[in-house]
Amino acid sequence: MHDDRKLVEERIDRMLRERIAPAVYAARIPLELAAWHVPGEPVPLEEALAATYEPFAAGTRWGRPWSTTWLRATGTVPGEWLGRRVEAVFDLGFVGDWPGGQAEALVYDLSGDPIKGLEPQNQYVPVTGPQVGLMLEMAANPDILADGFLPTPLGDLATAGDEPLYRFAHADLAVLDEEVWHLRLDLEVLRELMAELPQAEPRRHEILRALERALDVLDIHDVSGTASQARAHLAAVLASPAHASAHTISGVGHAHIDSAWLWPIRETQRKNARTFANVTALARDYPEFVFAGPQAQQYAWVKQRWPEIFDRIREAVKGGQWVPVGGMWVEADGNLPGGEALARQLVHGKRFFAEEFGVECRGVWLPDSFGYTAAYPQIARLAGMDWFLTQKISWNQTNKFPHHTFWWEGIDGTRIFTHFPPADTYNGTFAGSELAHAVRNYAEKGAGTRSLLPFGHGDGGGGPTREMLERARRLRDLEGSPRVVVQPPDAFFAAAREELPDAAVWSGELYLELHRATYTSQARTKAGNRRSESLLREAELWAATAAVHAGFAYPYDELDRLWKVVLLHQFHDILPGSSIAWVHKEAEATYARVHAELEEIITAATTALAGTGTTPWVFNTAPQPVESVPGGGMARLETLPEPGAPVTVEGTTLDNGLVRVVIDGDGLLASVRDLVAGREVLAPGTRGNLLQLHADFPNQWDAWDIDAHYRRQRTDLTHADSVTVVSRGPLAGAVRVERSFGASRVTQTVTVRAGSPSIEIATEIDWHERQKILKAAFPLDVHADRSAAEIQYGHVHRPTHTNTSWDAARFEISCHRWIHVGEPGYGVAIANDATYGHDVTRTTRQDCGTTTTARLSLVRAPQSPDPEADQGRHRMTYALVPGASIAEAVDAGYALNLPARVVSGGAGPVPEPLVSLDGRAARIEAVKLADDASGDVVVRVYESLGGRAATRLRASFPITEVTVTDLLERPLGETLAADADGSVPIGLRPFQILTLRLRRR
């Protein structure tokens, strides 16, 4: 037989493209249109209904960037169409099929009831009567990445311009020819399946000939009249069942909607409404449809602004077709939020879903974050989660992740059952290539038989479509294809765990070998988050203390609202710095308001405790002593003591008896002498706090990526404009260094304080470089084969060598408040108050030993998607701590981020700390009143050093019961007994998190 396969395939493709697809709609007539162009920001529906409309026609240009146009579409269904499936079909001027940066619309009826959304691949609205009247809220969202990663002014409303973005194509009433539509789907499913089968596979040729026979009976001049005959020739190949060993793909509807990215938060809210309206409409037509919707914040927006859509969601949840998943307030970044913030993501998310829908989320749904902290398994399990889903690790540049279904083990040993869909997408469509890739890629073949596929267009693309569900029906049991079953995620995870109870174990962080610059981009956003987390901790502690000891009204509602604002801004394209300028300008302004409100709460609480007067009261929020102030509590000091020996300043040498710091004429640390250990801290022949400027031009993904080649171009900033002593002791000695380079300027104040080995470097940067990164280097005379970096509720170790490709890929790492390098008997810590990105490398000394260089990534200058990213002023402080153990690194991180507050108050009795712990291993991370307003005190503690800890909890109020709870403050069935002195003994395993609920007498 002659091989005419290629010719037949070309025939199939052209017929689909030029005859069958155009025949899906059998007849069309235009709708009558009128438009109102909103002069400013989006307006409520009521205002749009009352506006004055002007005639509007197909072909009209519309939509300056970020603008809204309301379109009224009216018409009458022709009598001969009655009884047929009639739809209103709109093309707003869509460009390609990219859903994120596109025109979109939400369609209402004339009474104001939302119907569904319109997007590039979802252009129809059902018509149910002879008279048609629709209102379209059309959004002119620009495509920020249309030209790749070139700078564009479109991401800022102030610079986006007024030129219309779109040309309206058409608005028609049309008859959907269902038989042609089904023929098209039959042909597409089979054509795609055939293309994935081996050429020698008989099934491939069986499908080819069936397709050929179908086209042979299809009249190109009467597609509608011959579609049924063509479909009849496909029935047999569509009915042939899958092999007994076929892989099973569990499809779950999904619409990954970034809570901000290439659009502002206000546009995300509208994307939610459009997509959620689509999903609830689809659920009515397809009873087997199941949709998984994460991010409680997005539901909250819809509940507030589109209650009709929210009511439809409620009904879909009751019917089992809509499944709230993830249990998080937003899909937060997986590395940067603090431990307590990650806990609150789950607390607020799970509580919302429980209160609104009666649903207990059982798994973390986090497909698109830029790596995942090794603290996640324990945090998730403590929130009542049984499984974890991610996808982004498939983007690794260097190493292919070895598992798809596995147990993920955290730093404390907790494991959570985890799946990583082998289709390598969270925007599936059931395309043949997608399914075949999932089967080929699946790593657990021979042990497991199933994988998950989230399907649907995200980011405003409208979510799942009816075409996807029709494909799923055809693929349910089809020879040559994996079986497709649409089911809830919980059902998939239960089945996968049953067949793989002894799945492989991955221990430690899920490090993404890509997007490493998200630890640094948009530094002001990151500083705002860090400060917010610290202030929230302070506000809860002092409000709880004042409530217990002074009858203060605990601000439950205010704290709940402020937490949710901060949690929203931890979304994985806001906090990482990968959004447009509009998003980050708003974020900085929002953080300023949050900080002001939290300062008001703190001031009110501390005033309630201290009263009025001139006596200094010191409030210490950190969980360790500061100048004899008990950790995690409060005390009043009549006079502030001068701890330790005074600081002496000779020239630009600072000495406090613990460390001697020599600052040279270039403003660099020429020597850091640990006087206690009797050793030089800096590596021989080097200088510390060396600012290094690198070219920073990644291959793509400007705001996201820093590629390893950046290290090959470096300028050491060794010239200082001035070096000036600004404090000569006795409590502190300080030297200010000013230096300029390019168009930028840096002012640093190096401070040594009495009684402390810490060398603080307060840094102000006026930054005007482009596509560069500024790092601060500390070459240390320490032989370290690994570094330790703080993460949520603990720390991780990472190698400083590059023995393997996995080691080499970690050339940029994240940490929270401190990083530590050490050799047996000696270590050095670097603490920070706003910096997340670091790198740690080794250098061979001339005498053959090795030294270790730790660097902080201070600021970048990417130009996409925000061409002005990081331009302007930045303030940050970091501290070098010679001779530090891990415990002292933890101390330094808390001290820098939670400095003691000194306020004036009365001379009355001083309450003891509300709660405190003995020892240094166990730390208090949060103190608050219980969320149920019972008055119980909730304390979250963790073991910080990676060893076992025995400690005692002491409270300054009578306790009747101490209950161990989950993160949501629900009892876990364990109570702790107090000893005779009222203290409560506690034993903690390494890195264990423990939440205690203290009932007051």
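All residue numbers refer to positions counted from 1 along the written sequence of the respective chain. Two thresholds apply to this predicted model, a pLDDT of at least 70 for residue-level local features and 80 or more for giving and counting side-chain atom pairs, whereas whole-chain, interface and lining totals are computed over all residues. Side-chain calculation: all heavy atoms of the structure are included, whereas hydrogens and water are not.

Description of the overall build of the protein chain
Strands are runs of DSSP state E lasting at least two residues, helices are runs of H or I lasting at least four, and both sets are numbered from the N terminus onward. Along the backbone of the protein chain there are 19 helices and 53 strands. Taken against the 2.2 N^0.38 rule, which gives 30 Å for 1001 residues, the C-alpha radius of gyration of the protein chain at 31 Å falls within 12% of a compact globule. Principal-axis analysis of the C-alpha atoms places the extent of the protein chain at approximately 100 × 65 × 55 Å. A simple rule labels every residue: compare its accessible area, found with a 1.4 Å probe on the protein chains alone, to the largest value its type can have, and call it buried under 20%, exposed over 50%, or partly exposed in between. Burial status across the protein chain gives 62% buried among its 1001 residues. Contacts are assigned to residue pairs with any non-hydrogen atoms lying within 4.5 Å of each other. Taking the intrachain contacts of the protein chain between residues at least 6 apart in sequence as the baseline, contacts between residues at least 24 apart amount to 75%. Surface accessibility follows the Shrake-Rupley procedure with a 1.4 Å probe radius. Residue values consider only the protein chains on display as shielding. With an accessible surface of roughly 35,500 Å², the protein chain has 50% of that area assigned to carbon and sulfur atoms. Averaging the coordinates of the 99 positive side-chain charges in the protein chain and doing the same for the 129 negative ones gives two points 2 Å apart. For this measure, only C-alpha atoms enter the radius of gyration; the expected value for a globule follows 2.2 Å times N^0.38, where N is the number of residues. Under the counting rule used here, the positive set is Lys and Arg, the negative set is Asp and Glu, and His together with the chain ends is not counted. For charged residues, the charge sits on one atom: NZ in Lys, CZ in Arg, CG in Asp, CD in Glu.

Re helix α14 (residues 489–499)
Residues that lie three or four places apart on an α-helix share one face, since the helix turns once every 3.6 residues. Buried residues of α14: Pro 489, Phe 492, Phe 493 and Ala 496, and no others. Taken around the axis of α14, the buried residues stretch over an arc of 95 degrees, which confines them to a single face. Turning to α14, the residues buried within the fold contact β13 (248–253), β14 (291–293), β16 (363–365), β17 (387–389), β19 (415–419) and β20 (450–455). The arc in question is traced by the directions running from the helix axis to the C-beta atoms.

Some remarks on the nonpolar core
Counting residues in hydrophobic clusters, the biggest one holds 230 residues, and the most contacted among them are Trp 70 and Ile 313. Ignoring any residue separated from it by four or fewer positions in sequence, one finds Ile 313 in contact with Phe 276, Thr 280, Tyr 299, Val 302, Trp 322 and Phe 357. What makes a nonpolar core is a set of buried Ala, Val, Leu, Ile, Met, Phe, Trp, Tyr and Cys residues whose side-chain atoms join them at distances within 4.5 Å.

Here we look at the sheet that holds strand β8 (residues 114–118)
Strands qualify as paired when DSSP identifies two bridges or more between them. An order of β3-β2-β5-β10-β7-β8 is seen for the six strands of this open sheet, with the pairing classed as antiparallel. Looking at which strands have only one partner, the edges of the open sheet turn out to be β3 (54–55) and β8. Bridge count between strand β2 (residues 32–37) and β3: two bridges; the pairing is antiparallel. Bridging from a neighbouring strand, Ala 35 pairs with Glu 54 of β3.

Looking at the packing of helix α15 (residues 523–550) against helix α17 (residues 581–610)
All axes are obtained by fitting lines to C-alpha atoms, using only the stretch in contact for helices, and the reported angles, taken between N-to-C directions, cover 0 to 180 degrees. Two elements in contact, α15 and α17, have axes whose closest approach is 8 Å; the angle formed by their N-to-C orientations is 20 degrees. Taken together, the axes of α15 and α17 lie roughly parallel to each other. Crossing angle aside, the handedness with which α15 passes α17 is left-handed. Note on residue categories: nonpolar means Ala, Val, Leu, Ile, Met, Phe, Trp, Tyr, Cys or Pro, charged means Asp, Glu, Lys or Arg, and polar means any other residue, Gly included. Taken together, the residues that form the contact of α15 with α17 break down as 16 nonpolar, nine polar and five charged. The cut-offs work like this: below 35 degrees is roughly parallel, past 145 is roughly antiparallel, 65 to 115 is roughly perpendicular, and the gaps in between are oblique. A clockwise turn of the near helix away from the far one marks a right-handed crossing, whereas an anticlockwise turn of less than a right angle marks a left-handed crossing.

Remarks on α15
By this rule, a helix spans an expected 1.5 Å times one less than how many residues it contains. If you check α15, its first and last C-alpha atoms are 39 Å apart, about what 28 residues at 1.5 Å a residue would give, namely 40 Å. Immediately downstream of α15, the backbone of Gly 551 shows phi near 70 degrees, a positive value.

Quick notes on the pairing of strand β28 (residues 669–674)
Along any regular strand the residues' side chains alternate between the sheet's two faces. Note that strand β27 (residues 659–663) and β28 share five bridges and pair antiparallel. Looking across to β28, one finds that Ile 663 is bridged to Leu 669. Hairpin geometry of β27 and β28 is characterised by an intervening segment of five residues between the two adjacent antiparallel strands and by a positive phi of about 80 degrees at Gly 667. Note: β28 against strand β29 (residues 679–680), two bridges, orientation antiparallel. Counted as the bridge partner of Arg 673 is Glu 680 from β29. Linking β28 back to β29 in an antiparallel pair, the connection comprises four residues, with Gly 678 at a positive phi of about 70 degrees.

Considering the pattern of salt bridges
Here, a salt bridge means any Lys or Arg side-chain nitrogen found within 4 Å of an Asp or Glu carboxyl oxygen. One pass over the structure, following the stated rule, counts 95 salt bridges. Residue Arg 687 pairs with Asp 666 through a salt bridge whose shortest N-O separation is 2.8 Å. Of this pair, Arg 687 sits in the loop between β29 and β30 (690–695) while Asp 666 sits in the loop between β27 and β28, and the two are 21 residues apart along the sequence. Given the relative accessible area of 26%, Asp 666 is considered partly exposed. Among the charged side chains, a salt-bridge network with shared partners connects Glu 41, Glu 104, Glu 137, Arg 266, Glu 267, Arg 270, Lys 271 and Arg 274.

With respect to the confidence of the model for the protein chain
Along the chain, pLDDT gives the predictor's confidence residue by residue, from 0 to 100. Looking at the protein chain as a whole, the pLDDT averages 96, with 98% of positions reaching at least 70. Across residues 637–641 the pLDDT falls below 50, and counting only partners more than four positions away or on other chains, this stretch makes 10 contacts in the model.

Comments concerning the packing of aromatic side chains
For Phe, Tyr and Trp, where Trp contributes only its six-membered ring, two rings pair if their centres lie within 6.5 Å, and the inter-plane angle classes them as stacked under 30 degrees, edge-to-face over 60, or tilted in between. One pass over the structure, following the stated rule, counts 42 aromatic pairs. Ring geometry for Tyr 299 and Phe 357: centres 5.6 Å apart, planes at 65 degrees, overall edge-to-face. In this pair, Tyr 299 is assigned in helix α8 (residues 296–305) and Phe 357 in helix α10 (residues 339–357), connecting sequence segments 58 residues apart. For Phe 357, a relative accessible area of 13% gives the class buried. One aromatic cluster is present, built from ring pairs that chain together Phe 276, Phe 289, Phe 291, Tyr 299, Phe 310, Trp 322, Trp 329, Phe 352, Phe 353, Phe 357, Phe 430 and Phe 455. Whether a charge lies above a ring is judged from NZ of Lys or CZ of Arg, which has to be within 6 Å of the ring centre and within 35 degrees of the ring normal. Arg 85 extends its terminal NZ or CZ atom over the ring of Trp 181, reaching a point 5.8 Å from the ring centre. Cation over ring: Arg 530 sits above Tyr 836, and NZ or CZ is 4.5 Å from the ring centre.

Examining the sheet that holds β27
The five strands lie next to each other as β25-β26-β27-β28-β29, forming an open sheet whose pairing is antiparallel. Only two strands of the sheet have a single partner each, and these edge strands are β25 (648–650) and β29. Examined bridge by bridge, strand β26 (residues 653–655) and β27 share three bridges and lie antiparallel to one another. Its bridge partner being in β27, Leu 654 is matched across the sheet by Val 661.

What about empty space enclosed by the protein?
Only protein atoms enter the 1 Å grid, on which a cavity is a set of points fitting a 1.4 Å probe that cannot get out and a pocket is an open set with protein on both sides within 12 Å along at least 5 of 7 lines, lining residues being those with an atom within 4 Å of a point. Grid points are joined across faces, edges and corners, and a volume is the space filled by probe spheres set on the points. Scanning all chains against the criterion turns up four cavities of 30 Å³ or more. In this model, the largest cavity occupies a volume close to 290 Å³. Around the largest cavity, the lining is made up of 25 residues, and of these Gly 338, Gly 339, Glu 533, Arg 817 and Glu 925 lie nearest the centre. Among the elements of the structure, α10, α15, β37 (786–791) and β47 (922–929) are those that each provide at least two residues to the lining of the largest cavity. Looking at which element gives the most residues to the lining of the largest cavity, the answer is α15, with six residues.

Looking at unusual backbone geometry
The amide bond that connects Gly 729 to the next residue, Pro 730, takes the cis arrangement and shows omega of 5 degrees. Along the chain, the position of Pro 730 falls in the loop between β32 (722–728) and β33 (732–741). Backbone torsion omega between Ser 864 and Pro 865 reads 10 degrees, so that peptide bond is classified as cis. Its location among the elements puts Pro 865 in the loop between β43 (850–859) and β44 (872–882). Its identity as a non-glycine residue notwithstanding, Asp 870 has a phi of 70 degrees, on the positive side. Following the sequence through the fold, Asp 870 ends up in the loop between β43 and β44. Its identity is not glycine, yet Ala 933 carries a phi of approximately 60 degrees, on the positive side. Checked against the element boundaries, Ala 933 lands in the loop between β47 and β48 (937–943).

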